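Below, each chain spelled out in residue letters.
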Amino acid sequence: MVAAFISPLYALLVFYLIRKSLRWLKTLFSVCGQKWFTAVYSILCIVFAASSVIAFFLTDGGFQRVWKSIGNFSLGFLVYVLLAVGVQELVKLILIKTKAMNRKQAGSKKAAAAAGTVMLIFIFGMCAYGLVNAQDIKIRNYDIKVDKSAGNLKELNIALIADLHLGYNADSALMQQMVDKVNAL
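Keep in mind it's a predicted model, so treat the numbers as computed, not measured.

## Some words on the packing of helix α1 (residues 2-28) against helix α4 (residues 62-97)
In contact at an axis separation of 11 Å, α1 and α4 are set at 65° when each is read in the N-to-C sense. Remark: the crossing between α1 and α4 carries left-handed chirality. Counted together, Tyr10, Leu13, Tyr16, Leu17 and Lys20 of α1 and Leu75, Leu78, Val81, Leu82, Val85, Gln88 and Glu89 of α4 form the full contact between these two elements. The class makeup of the residues in the contact of α1 with α4 is nine nonpolar, one polar and two charged.

Quick look at the structure:
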């Protein structure tokens, strides 16, 4: 039921980001202004944005797993794109309001190219960091003293595993690494 309300907003957001990214790409590469490129790029963006839904209709197996992984990555990518676009629009507004830049300068191809390049570096940097960090199992040790009697128990070790994201991006091999690390403790 919630999906029926969120889906149109998601679609509008995707189309807005496609339009905004095409505008940026056109400032860098003339080929990006051609109709065939716009069509291919838009279709690819829509397919990636809809990959989780596409995977839902596929039968269980490796192909479905690939589409769900693409969907998970696409959603994370979309969050960073949305964050970068929001920050870029806020900075642009602040620059215009403080008279550090006029509207013509803020809307120029040079400003769009620079902002888009910075955003792209940020987005891919965050995605790369997330992919690498997701495979890095961190162990934190805490000593906690409880002023309370526990019978004959002198010491108690507790292991807490959190933020697993099990499923299509954290497979059984990663889970086995976590189990091995907990057992070694």
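## A few points about the environment of Arg23
Take Arg23: it is sitting in helix α1. Residue classification places Arg23 among the partly exposed residues on the basis of a relative accessible area of 42%. It is 9.2 Å that separates the C-alpha atoms of Arg23 and Ala113, two residues lying 90 residues apart in sequence.

## A word on the confidence of the model for the protein
Summing up the model confidence of the protein, the mean pLDDT is 84 and the portion of residues at 70 or higher is 97%. Looking across the protein, the model is least confident in helix α5 (residues 103-106), with a mean pLDDT of 82, and most confident in helix α2 (residues 35-49), with 93.

## Section: α4
Over its 36 residues, α4 runs 52 Å from end to end, which matches the ideal 52 Å to within 8%, given 1.5 Å per residue. Residues of α4 that are buried: Gln64, Trp67, Lys68, Gly71, Ser74, Leu78, Val81, Ala84, Val85, Gln88 and Ile96. Residues of α4 that are buried sit in contact with α1, α2, α3 (51-56), α5 and α6 (109-134).

## Considering the packing of α4 against α6
Relative placement of two packed helices is described by the angle separating their axes and the distance separating the axes. Running from amino to carboxyl end, α4 crosses α6 at an angle of 145°, the nearest separation of the two axes being 9 Å. As for how α4 packs across α6, the hand of that crossing is right-handed. Contacts between α4 and α6 involve Phe73, Phe77, Tyr80, Val81, Leu83, Ala84, Val85 and Gln88 from the first element and Ala115, Met119, Phe122, Ile123, Phe124, Met126, Cys127 and Leu131 from the second. For the contact of α4 with α6, the class distribution of residues is 15 nonpolar, one polar and no charged.

## Examining the packing of aromatic side chains
Going through the model one piece at a time under the given rule, you end up with seven aromatic pairs. Each ring, one from Phe56 and one from Phe57, has its centre 5.4 Å from the other, and the planes form 85°; the classification is edge-to-face. Residues Phe56 and Phe57 agree in their burial class; the two are exposed. For the ring pair Phe73 and Phe77, a centre distance of 6.2 Å and an interplane angle of 25° mean the geometry is stacked. Residue Phe73 and its partner Phe77 are located together in helix α4, separated by four residues, close to a single helical turn. When its relative accessible area of 35% is taken as the criterion, Phe73 is described as partly exposed. With relative accessibility at 24%, the residue Phe77 sits in the partly exposed group. One aromatic cluster is present, built from ring pairs that chain together Trp36, Phe37 and Tyr41.

## Considering the environment of Pro8
By secondary structure assignment, the location of Pro8 is in helix α1. Its relative accessible area of 43% is what places Pro8 among the partly exposed residues.

So, how was this worked out
Residues numbered from 1 in each chain as written. Predicted model: local features only at pLDDT ≥ 70, side-chain atom pairs only at ≥ 80, totals over all residues. Heavy atoms only, no water. Axes fitted to C-alpha atoms, helices over the stretch in contact; angles between N-to-C directions. Helix = DSSP H or I, 4+ residues; strand = E, 2+ residues; numbered from the N terminus. Left-handed = near helix turned anticlockwise from the far one by under 90°. Contact = heavy atoms within 4.5 Å. Nonpolar A, V, L, I, M, F, W, Y, C, P; charged D, E, K, R; others polar. Buried < 20%, exposed > 50% of the residue type's maximum accessible area, 1.4 Å probe, protein only. pLDDT = per-residue confidence, 0-100. Expected span 1.5 Å × (residues − 1). Phe/Tyr/Trp six-rings, centres within 6.5 Å; stacked < 30°, edge-to-face > 60°.

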